Amino acid sequence: MPGITREEVAYLARLARLELKAEELDHFAGQLDDIIGAVARVSEVADQDVPPTSHPLPLTNVMRADEVRPSLTPEQALSGAPAQEQRRFKVPQILGED
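Computed from a prediction, not measured in an experiment: that's the story for all the values here.

A. The overall build of the protein chain, seen in detail. Regarding its fold elements, the protein chain presents 3 helices and 2 strands. Starting at the N terminus and ending at the C terminus, the protein chain contains elements arranged as α-α-α-β-β. Taken over the C-alpha trace, the protein chain has a radius of gyration of 29 Å; the compact-globule value for 98 residues is 13 Å, which it surpasses by more than 25%. A principal-axis box enclosing the C-alpha atoms of the protein chain has dimensions of 75 × 45 × 15 Å. Accessible surface computed for the protein chain: about 9600 Å², of which carbon and sulfur atoms make up 57%. Once the 10 positive and 17 negative side-chain charges of the protein chain are each reduced to a mean point, those two points are 11 Å apart.

What follows is the structure in structure tokens.
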């Protein structure tokens, strides 16, 4: 497999809207070539009986079901508040805005 060229790196940089110097093109060409080679080696090892995975361990949703339950009324929730306004907690202004 031929290595990635400076022109290909320059093209990718232009697509990503990156300005690269000439020495950076050579440097990144070598790095990208190493990455492509590593991916190719992994692809050679993967067999047909190995399913593709996004995570090495099985994941399950740990969220509980969204169920409607009785809760506090606004009056109960605000009963202990030092200050309230329009059925909301009133807090000191910190940004100096109106």
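B. Layout of the pattern of salt bridges. Under the counting rule described, the total for this entry stands at 3 salt bridges. The partner of R6 in a salt bridge is D26, and the shortest N-O contact between them spans 2.6 Å. Within this pair, whereas R6 is found in helix 1 (residues 6–15), its partner D26 is found in helix 2 (residues 22–45), the two being separated by 20 residues in sequence. The class for R6 is partly exposed, based on a relative accessible area of 33%. With a closest N to O distance of 3.9 Å, E75 and R87 form a salt bridge. Taken together, the residues E75 in helix 3 (residues 74–78) and R87 in the loop between strand 1 (84–85) and strand 2 (88–89) connect sequence positions 12 residues apart. Accessibility assignment for this pair places E75 and R87 in one class, exposed.

C. Main features of unusual backbone geometry. Even without being a glycine, R17 presents a positive backbone phi close to 55°. A positive phi angle, near 60°, is found at R87, a position not held by glycine. Take R87: its relative accessible area is 57%, and that puts it in the exposed class.

D. Quick peek at a nonpolar patch on the surface. A contiguous nonpolar patch, built from Y11, L12 and L15 and spanning about 300 Å² of accessible area, is present on the exposed surface. Assignment of secondary structure puts L12 in helix 1.

E. Geometry of the environment of P82. Note on placement: P82 falls in the loop between helix 3 and strand 1. Along the sequence, P82 and R17 sit 65 residues apart, while their C-alpha atoms lie 53 Å from each other.

Rules used in this analysis
- Residues numbered from 1 in each chain as written.
- Predicted model: local features only at pLDDT ≥ 70, side-chain atom pairs only at ≥ 80, totals over all residues.
- Heavy atoms only, no water.
- Helix = DSSP H or I, 4+ residues; strand = E, 2+ residues; numbered from the N terminus.
- Rg over C-alpha atoms; globule rule 2.2 N^0.38 Å.
- Areas by Shrake-Rupley, 256 points an atom, 1.4 Å probe, with all protein chains shown as cover.
- Lys, Arg positive; Asp, Glu negative; His and termini not counted.
- Charge placed at Lys NZ, Arg CZ, Asp CG, Glu CD.
- Salt bridge = Lys/Arg side-chain N within 4 Å of Asp/Glu carboxyl O.
- Buried < 20%, exposed > 50% of the residue type's maximum accessible area, 1.4 Å probe, protein only.
- Patch = residues over 30% accessible without salt bridge, like charges linked within 9 Å, V, L, I, M, F, W, Y side chains within 5 Å.

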